[in-house]
Amino acid sequence: MTTQHFSQTIGVLVIVYLGLLLFISDRLKKFHATVWTQLGRPSLLNWSIANSFRLGNFVFLRRSYRSLDDTTLRNLIFGVRTVLIVISGCLIIWVSKYRGA
């Protein structure tokens, strides 16, 4: 696999990652408006650094989404985490294979 293939793979994975985050934000807006408001109303047009940190904290650190009892939201969050792990793995392979000694 060439550097170009790795770059394309990572690019696609980043787009999928961002899309999943937007789906999570939309799901929160439609079904859990209180939580969505507490997170700063993250959306495509209102995506600030503060909103990113709040949403990231909600998805990755606090795990308070479990109390919402929303299976679709849990699956979306699992997808985000999986894509992030795959991106990290691709970057580690890329660095070790093409940029390492």
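Every chain is numbered on its own, with residues counted from 1 as its sequence reads. Totals for whole chains, interfaces and linings use all residues, but because this is a predicted model, local features are given only for residues with pLDDT of at least 70 and pairs of side-chain atoms are given and counted only at 80 or more. Derived side-chain values reflect all non-hydrogen atoms in the structure, with water molecules and hydrogen atoms excluded from consideration.

**Remarks on the environment of S43**
Alright, step 1. Turning to its location among the elements, S43 is positioned in the loop between α2 (33-38) and α3 (49-62).
Alright, step 2. Judged by its relative accessible area of 24%, S43 is partly exposed.
Alright, step 3. Residues S43 and L22 lie 21 residues apart in sequence; the distance between their C-alpha atoms is 6.7 Å.
Alright, step 4. Contacts of S43, omitting those with residues within four sequence positions, involve L22 and S25. Secondary structure is summarised from DSSP: a helix means a run of H or I of at least four residues, a strand means a run of E of at least two, and numbering begins at the N terminus for each. Buried, partly exposed and exposed residues are distinguished by accessible area as a fraction of the type maximum, computed with a 1.4 Å probe on protein chains only: under 20%, between the cut-offs, and over 50%, respectively. We call two residues in contact whenever any of their non-hydrogen atoms come within 4.5 Å of each other.

**A few points about the packing of aromatic side chains**
Alright, step 1. For this analysis, a ring pair means two rings from Phe, Tyr or Trp (six-membered ring only for Trp) whose centres lie within 6.5 Å, classed as stacked if their planes differ by under 30 degrees, edge-to-face if by over 60, and tilted for the remaining angles. Tallying each qualifying case throughout the model produces one aromatic pair.
Alright, step 2. Arranged with centres 6.2 Å apart and planes meeting at 65°, the rings of F58 and Y65 form a pair that is edge-to-face.

**Some thoughts on the side chain of S25**
Alright, step 1. Mapping S25 onto the fold places it in helix α1 (residues 3-31).
Alright, step 2. The buried category is assigned to S25, whose relative accessible area is 3%.
Alright, step 3. Beyond its immediate chain neighbours, meaning those up to four positions away, S25 contacts W36, P42, S43 and W47.

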